[in-house]
Every structure is written in C-alpha cells, then in structure tokens.
Amino acid sequence: MKSCEQFIKLNNFFNKGDRIGVAVSGGSDSVALLHFLSLKKDVLGIDLVVLHVDHGIREESEKDCNFVEKMAKEIGVSFHKFKVDVPKLAKESGESLETVAREARYSIFKKLIENKVVDKIALAHHKNDQAETILMHIFRGSGVSGAKGMEPISNGIYIRPLLDTSKDEILKYIKENKLSYCEDYTNSDNSYSRNFVRNVIMKEITSRWENAIDSIVNFGKSAGEDDSYISSQIDGGAVIEEGNAVKIPLSYFVYHSAIIARIIFKAMRNLGINRDVERKHIALITNLALNGENGKKINLPFDVLAVKEYDYLTLHKSKTEKVDFEKVFKCGEFFVDGFGTVKVKKGDATRKEGFLMFDKDKLPKDAIWRFRKEGDIFVRFGGVRKKLKSYFIDKKIPSRLRDNIPLLASGNEVYLIAGDEISDKIKVDENSKKIYIVGVDSIV
C-alpha cells in the first residue's frame, strides 16, 4: 500500500520506540493495517500491541475475537481483548448502538494510554470512511470545522495511517497477501446511519461521479485549511478555563460568526467534547450570550450546560446530585471537590495575603463546615446583614459555584465564606487573643 507508506512519512506518525496499540476488529481494513505495520515495525522502530473490543452486538463476536487473537500470535505481538455489553448500555442511555460502541472503544483506548500500556492507538479509517464522515457531518448540520472530516492525528494519540488509502487499494492488498478476515453481517444493515451513507448514498454518488470520493476528501482538506486559518485568529483570552468549566467573555460575541463558532468549538474541546457540535448549537449559545437574561441556561449534547453569568457565557458539564458535606472545625486541611483545598491554621494579628483572619473566641462552639442551606444569613464585614443568596448575587458569584463553597456556620448564621469573606461578628480587634487564619488553594 504505497499511499499508506507515503502518508506515514508525510505525517510523522511514529517515533522510535513507540508502543502502538492497533485496534483490530477482524474486518478487512484493520487486518490490512495490522499486517502492513507488522511488516514495517522494525524499519519504523515501533512495537505493536493488538487491541480487540467485543461490543456484544453479534453472535459471531467470540469467533472474531479468536480470529484476531490467532493473527496476533502468528505475527508475534501481544494481544489485549475487552468486552462491552453495548446493547445493554444503549438501552440504558437511549443512545444509538453506533454512538455507544464508539464511546466504549474510545473509553478503553483512553485508559490504555493513561496507564501507559500503549503510546498511541492506530485506527483503520481509510479514504472512503473519510468521504462518508464528511457527508455525515454535513447532513448533521456541521460547519467548516466538521466538513474537514477526521484528522490524520487526533489529540496527539489517535493515528490513522490508512486515511489516504482507498477501500479498493486495501482489498487489493488483502488479495495479494492472501489475508483472511471476518465478514460483519451488520455492515449490510442500513438502519445504521454509517451503513446507509456507505451502501446507499455513496453507491449512488459514485455510480454517477467516478471520482466523487477523491473530490469529497479534497473538499474536506480545503475546509480544514480554511478552518485552521480562521481558528488561528482567535484571541488567547477568548476561552478561560475555570476548574471544570470554561468561560467566554460576552464581549467576544460581537465578532464575526465564523470567529464565534470557533471560540465555542474550542471551549467545547476544553470540556472534552470533540464532535457533534452542530450549527444549531452554535446559534443557541450565541443567542443566549446576546439576548438571554443573566442566569438563563440551555442544555446541550453530552450533558453540557450553557449559562449566562454576568459578563461571561459559561459552559460546563451538568452537575450530578448535590453531595452532603459537614466537617468539624479544626486546624488542618481538607479538599472539597469542585472548589479546592481549605487550609486552617493558628495565626497572629499580622495580615497574610490570601488568608481570612478571624477571632476564634467569637466563633460559636458548634460551628461546622458545610454547604449553603435555604435561609442562610451572613453579616458582611462592616455590619450589613444579608441573606446569603443576596450576598452571592452582589458579589456576582455564579449560581453553579455557590453549592460547592465551604461555609463555616452555626445554625443559619454563616460566619466565614471560604476564599471570600468573614462575618463582621468574628472580626479581629485589639482584644483578640486566639486568632485563626483560613486560606484556599482553589481549583476554580
């Protein structure tokens, strides 16, 4: 496969010593990729590991697994198999089998990378797959970013050596090398979106336009070049990471729609969302930023919530149910998920940057650390008594953050808001003898 060899050189997929996990289903594409890399591994200076995921969709899946394992043994490389009950997960989530299977595979691949079992994952996507992907993205309402299709290298770890190789070239390679492979009967089931595009739409297109696949792929490359240039014009301050959320200043929504779309794409990528962000989602987010009231929210795919927060449009993963939190007040440190590490120390009257100072003798003995509750009251430094909710609004603390802020409280009286302010009731004066200080290493 000359095109594959040239593509590998062009994209510098491999470094000497790389341990490459080759995702092998047993079909013709992945078998050809594994065979080709096994012949070139010494020249490339890489080690191979065969990865097989059984999705539990077909009765023949065990036979496929055994076939792949046998091939790995014959080639002389290690083999790892994984089994996922995709039909069950799809039923529970309401997602399609295609989506759940893909997410299951990539979840496994991610863990293998994190655990340093492999350095990169080689996937067998080829030129025909690329053309189909571009069409599917367009059909779903993607802009130029989606129209570029799959990248040769994604996230620095997923590589696609066959992306410039046609299906015909792969089948020719299979025949010349007398390679066996497994037939997947689900490939003819046009109820799957990918199969419908492949077996119906692409078949009709190529019957009329012989070079359609190359033309679609070349269009994708052009779209990718345009997208890269426009994305390079995005200001560094357009996307601000804040713990598990990303914020976009509202001032950026006056820019051209092409820039706004890419700012949103970048924000979503920072949340780990790399696909299926459609034009309709961009329009919803933009409308929220420009016309929504403060605090208004919209739900987006993949459990992402967009909310207008004062001078920002914030994107974050939807919260899980609220966790109960109570902690006895004492010196030491404790970590609060979604907030940071709270540090409590004995101090003196010398003010320390980043720490809140208070008179321990003025703090009720039953005061504990907890999260906010309905009816909480706070006396601001200086004597103004307010509902805690009103205080948070005055301070422009986003509602999504309020539930995770540790409070030092007795009953409904809040005496200290970690990382923010102490109550006037526990302020240090000339008679204070027992002074404590509280600081925060924030992740927000």
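Draft legend 1. Representation of the packing of aromatic side chains within the structure. Evaluation of the coordinates by the stated rule reveals 15 aromatic pairs. The ring of Tyr 312 has Lys 247 sitting right over it, with the charged end atom 4.0 Å from the ring centre. Above the face of the Phe 381 ring, Lys 427 is positioned so that its terminal group lies 5.9 Å from the ring centre.

Draft legend 2. Representation of the environment of Ser 154 within the structure. Secondary-structure assignment places Ser 154 in strand β5 (residues 153-154). For the pair Ser 154 and Phe 355, spaced 201 residues apart in sequence, the C-alpha separation works out to 43 Å.

Draft legend 3. View of the pairing of strand β11 (residues 312-317). Note that strand β8 (residues 245-249) and β11 share five bridges and pair antiparallel. Following the sheet pairing, Ile 248 is matched in β11 by Leu 313. The turn joining strand β10 (residues 304-309) and β11, which pair antiparallel and follow one another in sequence, is formed by two residues; a positive phi near 55° is taken by Tyr 310.

Draft legend 4. Structural detail: the nonpolar core. If you look at the biggest cluster of nonpolar residues, it comprises 34 residues, and the most contacted ones within it are Met 1, Phe 14, Ile 20, Val 22, Leu 37, Leu 48 and Val 50. Here this core gets six residues from one element, more than from any other, and that element is helix α2 (residues 28-44). Filtering out sequence-adjacent residues up to four positions away, Phe 14 remains in contact with Ile 8, Ile 20, Leu 37, Leu 44, Ile 46, Lys 120 and Ile 159. Among the nonpolar cores identified, the runner-up in size contains 32 residues, and Phe 358, Tyr 391, Phe 392 and Ile 405 belong to it.

Draft legend 5. Representation of helix α3 (residues 61-75) in the model. Taking 1.5 Å per residue as the helical rise, α3 with its 15 residues ought to reach 21 Å, and the 21 Å between its terminal C-alpha atoms agrees with that figure. Within α3, burial applies to Ser 61, Asp 64, Cys 65, Val 68, Met 71 and Ala 72. Looking straight down α3, one finds that the buried residues subtend no more than 125° of arc, so they occupy a single side. Residues of α3 that are exposed and angled more than 90 degrees away from the buried face: Glu 62, Lys 63, Lys 70, Lys 73 and Glu 74. Each element contacted by the buried residues of α3 is listed here: α2, β2 (47-54) and β3 (78-83). Directly after α3, the chain includes Gly 76, whose backbone phi takes a positive value near 90°.

Draft legend 6. Representation of the pairing of strand β1 (residues 19-23) within the structure. Where burial is concerned, most of β1 is hidden: four out of the five residues are buried. Two elements, β1 and β2, share five bridges in a ladder whose sense is parallel. Bridging from a neighbouring strand, Val 22 pairs with Val 50 of β2.

Draft legend 7. Local environment of the packing of helix α11 (residues 257-270) against helix α12 (residues 279-291). Their axes nearest at 10 Å, the elements α11 and α12 cross at an angle of 100°. Between α11 and α12, the interaxial angle falls into the category roughly perpendicular. On α12, the residues that touch Ile 260, Ala 261, Ile 264 and Phe 265 of α11 are Arg 279, Ile 282, Ile 285 and Thr 286. Looking at side-chain class alone, the contact of α11 with α12 contains six nonpolar, one polar and one charged residues.

Draft legend 8. Highlighting the sheet that holds β11. Judged by pairing direction, the sheet is antiparallel, and its five strands sit side by side in the order β7-β8-β11-β10-β9 without closing on themselves. The open sheet has two free edges, formed respectively by β7 (240-242) and β9 (297-300), since each of these has just one partner strand. Direction aside, the axes of adjacent strands within the sheet are offset by 25° on average. Together, β7, β8, β10 and β11 form the strand contacts of α11, whose direction differs from that of β8 by roughly 165°. Running at roughly 20° to β10, α12 makes contact with β9, β10 and β11 of the sheet.

Draft legend 9. Main features of unusual backbone geometry. You will see that Lys 116, though not glycine, has its phi angle at about 60°, which is positive. When you line up the elements, Lys 116 lands in the loop between α5 (97-114) and β4 (120-122). For Lys 116, a relative accessible area of 71% puts it in the exposed group. Positive phi outside glycine occurs at Lys 178, with the angle close to 50°.

Draft legend 10. Spotlight on the sheet that holds β3. With mixed pairing, six strands are arranged side by side in an open sheet as β3-β2-β1-β4-β6-β5. A strand with exactly one partner marks an edge of an open sheet, and here the two such strands are β3 and β5. Against the sheet, α2 engages β1, β2 and β4, with an angle of about 165° to β2. Contacts from α5 reach β1, β2, β3, β4 and β6 (158-159) within the one sheet, and its direction differs from that of β2 by about 145°.

Draft legend 11. Highlighting the pattern of salt bridges. Taken as a whole and assessed by the stated rule, the structure comprises 27 salt bridges. A salt bridge links Lys 352 to Asp 348; the shortest N-O distance between them is 3.7 Å. Owing to a relative accessible area of 37%, Lys 352 belongs among the partly exposed residues under this scheme. For Asp 348, a relative accessible area of 37% corresponds to the partly exposed category. For Asp 376, the salt bridge identified is with Arg 370, shortest N-O distance 2.8 Å. Arg 370 shares its class with Asp 376; the two are buried. Residues joined by salt bridges that share partners form a network here, namely Asp 129, Glu 132, Arg 194 and Arg 198.

Rules behind the numbers
Starting from 1, residues in each chain are numbered consecutively following that chain's sequence as written. At least 70 in pLDDT is required for a residue's local features to be given in this predicted model, at least 80 for side-chain atom pairs to be given and counted, and no such filter applies to totals for whole chains, interfaces and linings, which use all residues. For the side-chain quantities, the full set of heavy atoms in the structure was used; hydrogens and water were omitted. Stacked, tilted and edge-to-face are the three classes assigned to paired rings of Phe, Tyr and Trp, where Trp is represented by its six-membered ring and a pair needs centres within 6.5 Å; plane angles under 30 degrees give stacked, over 60 edge-to-face, the rest tilted. We call a charge positioned over a ring when the NZ of a Lys or the CZ of an Arg lies within 6 Å of the ring centre and within 35 degrees of the ring normal. Labels follow the DSSP assignment, with helices taken as runs of H or I lasting at least four residues and strands as runs of E lasting at least two, numbered in each case from the N terminus. The pairing criterion is simple: DSSP has to find at least two bridges between the two strands. Only buried residues count toward a nonpolar core, which is a set of Ala, Val, Leu, Ile, Met, Phe, Trp, Tyr and Cys residues joined through side-chain atoms within 4.5 Å. Remark: exposure states derive from per-residue accessible area (1.4 Å probe, protein chains only) relative to the maximum for the residue type, with buried under 20%, exposed over 50%, and partly exposed in between. The criterion used for residue contact is that any of the two residues' heavy atoms lie within 4.5 Å. To estimate the expected span of a helix, count its residues, drop one, and scale the result by 1.5 Å. Directions drawn from the helix axis to the C-beta atoms are what define this arc. Here the axes come from fitting lines to C-alpha atoms, over the contacting stretch only for helices, and the angles between their N-to-C directions go from 0 to 180 degrees. Angle categories are assigned with fixed cut-offs, so that under 35 degrees is roughly parallel, over 145 is roughly antiparallel, 65 to 115 is roughly perpendicular, and the rest are oblique. Residues are grouped as follows: nonpolar covers Ala, Val, Leu, Ile, Met, Phe, Trp, Tyr, Cys and Pro; charged covers Asp, Glu, Lys and Arg; every other residue, Gly included, is treated as polar. Each salt bridge in this description consists of a side-chain nitrogen of Lys or Arg and a carboxyl oxygen of Asp or Glu lying within 4 Å of one another.

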